[in-house]
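Reading the structure
Each chain, written out:
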Amino acid sequence: MAKDWLKGIKSAYDTIVIGSGLAGLTAANKLAKLGYKVLILEHHYNLGGLATWFKRKGGHILDISLHGFPTGMIKTCRKYWTQEIADSIVRLKNIRFDNPQFSFWTNFDKNDFTRLMKDRFGIVKETIDDFFQTVRAMNFYDDLSMTTRELFEKFFPGRTDVHRLLMEPITYANGSTLDDPAITYGIVFANFMDKGVYTFKGGTNELIKKMKKELLKNGVDIRTHCMVERVVVNDKTVQGVEVQGRMIPAKTVLSNSNILSTIHKLTGDEHFTPEFLDEVKKVRLNDSSCQVYMGLKRGEKIDNVGDLLFTSQEKEFSSASLLEPETTSRTFSFYYPETRPGLNMYSIVASTNARFKDWAHLTRQEYEKKKKLLIDRTLDALEKYVPDVRKKIDHLEASTPVTFKRYTAHPNGVSFGTKFEGLSISKDLPKQIAGLFHAGSVGIIMSGWLGAANYGVIVSNEVDKFLHAVSQPQPELETVSV
Ligand SMILES: Cc1cc2nc3c(=O)[nH]c(=O)nc-3n(C[C@H](O)[C@H](O)[C@H](O)COP(=O)(O)OP(=O)(O)OC[C@H]3O[C@@H](n4cnc5c(N)ncnc54)[C@H](O)[C@@H]3O)c2cc1C
């Protein structure tokens, strides 16, 4: 008989969290610490969503989205998780660029970028300071009409080399382009420039293990292998969810599933106003990714060639060319034995931005052939930095937007939620249906490890306010005789 993944669940919950990405997990933990009864339902067998890893024969552990995040993650983990988790976050100092316009190493913070822009690119100090002050001061309530392209042209007109230095890593980090609102660039870039790029010592598996331990300690009920089929709504108010043929009642539902799936698939258009649905139609999904995972044979070594390497053979930066299946623009993440102390192994992950449509409609044969080509091109590019790398590798595989869709249920396998307009839709969800909330990669700025975790905190505060209000005794209505 099939295993009952829901065995022993409670008869009702204060909050059901659909999905266990970093936003869902962080929100669940915060609500549980406030004393609410919380259930997480995750369709995958692991927690973490895109913050995940996999193991392969030969002792390999390969990370999917652990390339780097800003220092803010330390504070978020300390405040909303544990000191132990925060203490495992360490800085990556060797960030490297190599493309036809420039080639150097940097520790990726404001001081070093100021030095590079002055000495290598010949930009005057006042302009650099002015640029940093402008991006640092950007916030959510700013004027949205300025695009990143316009921002760059204002400070560094015609300097495609400077535009590339400033934009290429951020496009890899959140899928934003020169034509997105400048704040989607400014907020994320300023976060990185604060103190550089950080990683989690021990790898993603250790982080999620520690998070799971904390969730269980705080009383969160966690169920994997549970694909939620429907959010049950009655009279514009959430009633619970349907999963594996069962209805589980809850006062609130917090969906960590993609915002468009939450609306159209899980809830149903019939529950929303036509005006709201008109706005939803304008929401554009972000792009997806391809990755090549390379595990080095036990005992093999490579020199330190950088932690993160942004490499490209394109003459100039272009957001569109980054998405082409034949792109030469990719990030290599090198995981040295220090990443997972004790394991004493090396792995390398190459990432490119990608479009779902370039991979979704191929025959099995075409798909496999294209994946093989992706792997071969990646190895060719890597040979420049790690000669004879092919001989050192004993595990090789690739993922595509189709893979990301399968494991996360995100439409088009999106890596970074939606473009900016998705954020207001996500925030307005509870105005449409009482008790229904969304937290997860959306609007570009709420994506990435830090953005998603922080958005989980913001939305859990809203859930708390709602639960607090509905648990207050309702004033008795006076009976008026007529
Ligand atoms: C290739 C790649 C590289 C990246 N690199 C970085 C990086 O270096 N640094 C960084 O900060 N960020 C990176 N990111 C982005 C980062 O990983 C994500 O933005 C973040 O982890 C997303 O968290 P989330 O809370 O939005 O949820 P997600 O991780 O998207 O998780 C959503 C969860 O919901 C579950 N779910 C969906 N629907 C249902 C349903 N109906 N029922 C049950 N469960 C459901 C899914 O299975 C999934 O577990 C990368 C992403 C990709 C794809």
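Position labels on residues start from 1 in each chain and follow its written sequence. Only residues with pLDDT of at least 70 are given local features in this predicted model, and only at 80 or more are side-chain atom pairs given and counted; all residues enter the totals for whole chains, interfaces and linings.

**Thoughts on the site of the ligand**
Contacts to the ligand come from 39 residues, most closely from Gly19, Gly21, Ala23, Gly49 and His67. For the purposes of this entry, the term helix denotes a DSSP run of H or I that reaches at least four residues, the term strand denotes a run of E that reaches at least two, and both are numbered from the N terminus. Per-element accounting of the shell around the ligand gives the leading share, four residues, to helix α18 (residues 448-471). Side-chain classes are defined by residue name, with Ala, Val, Leu, Ile, Met, Phe, Trp, Tyr, Cys and Pro counting as nonpolar, Asp, Glu, Lys and Arg as charged, and the others, Gly among them, as polar. Class assignment of the residues belonging to the shell around the ligand gives a composition of 16 nonpolar, 22 polar and one charged. All the domain ranges listed were derived from an automatic or database domain assignment. In terms of domain composition, the shell around the ligand takes at least three residues from each of domain 1 (13-45 + 224-284 + 416-471) and domain 2 (53-71 + 87-92 + 198-202 + 287-408). What makes a residue near a molecule or strand is its C-beta atom, placed from the backbone, lying within 6 Å of it.

**Observations regarding the domain arrangement of the protein**
Interfaces are often sized by the amount of accessible area the parts lose when they come together. Domain boundaries in the protein define domain 1 (13-45 + 224-284 + 416-471), domain 2 (53-71 + 87-92 + 198-202 + 287-408) and domain 3 (109-193). If you average the C-alpha positions of domain 2 and of domain 3, the two centres end up 26 Å apart. Two residues qualify as being in contact provided that their C-beta atoms, derived from the backbone, are within 7 Å of each other. Each partner contributes residues to the interface: domain 2 has 10 residues there, and domain 3 has 13 residues. Of all elements in the fold, only α12 (319-323) and β16 (347-354) reach the threshold of two or more residues within the side of domain 2 that touches domain 3. Considered class by class, the residues forming the side of domain 2 that touches domain 3 number four nonpolar, four polar and two charged.

**Regarding the packing of helix α4 (residues 110-119) against helix α5 (residues 125-136)**
Where α4 contacts α5, the axes come no closer than 10 Å and their chain directions differ by 145°. The crossing of α4 and α5 is right-handed. Judged by residue contacts, Lys110, Thr114, Met117 and Lys118 of α4 engage Lys125, Ile128 and Phe132 from α5. For the contact of α4 with α5, the residue count by class is three nonpolar, one polar and three charged. Lines are fitted to the C-alpha atoms to define the axes, a helix being fitted only along its stretch in contact, and any angle between axes, read from their N-to-C directions, falls within 0 to 180 degrees. The crossing is said to be left-handed when, going from far helix to near helix, the turn is anticlockwise and less than a right angle, and right-handed when the turn is clockwise.

**What about the packing of helix α7 (residues 160-174) against helix α8 (residues 182-195)?**
Any two packed helices are characterised by the angle at which their axes cross and by the distance between the axes. Where α7 meets α8, the closest approach of the two axes is 10 Å, and the angle between their N-to-C directions is 95°. When the axis of α7 is compared with that of α8, the two are roughly perpendicular. Counting all contacts with α7, which are made through Leu166, Ile170, Ala173 and Asn174, the residues of α8 involved are Tyr185, Val188 and Phe189. In this scheme, roughly parallel covers angles under 35 degrees and roughly antiparallel covers those over 145, while 65 to 115 is roughly perpendicular and the rest are oblique.

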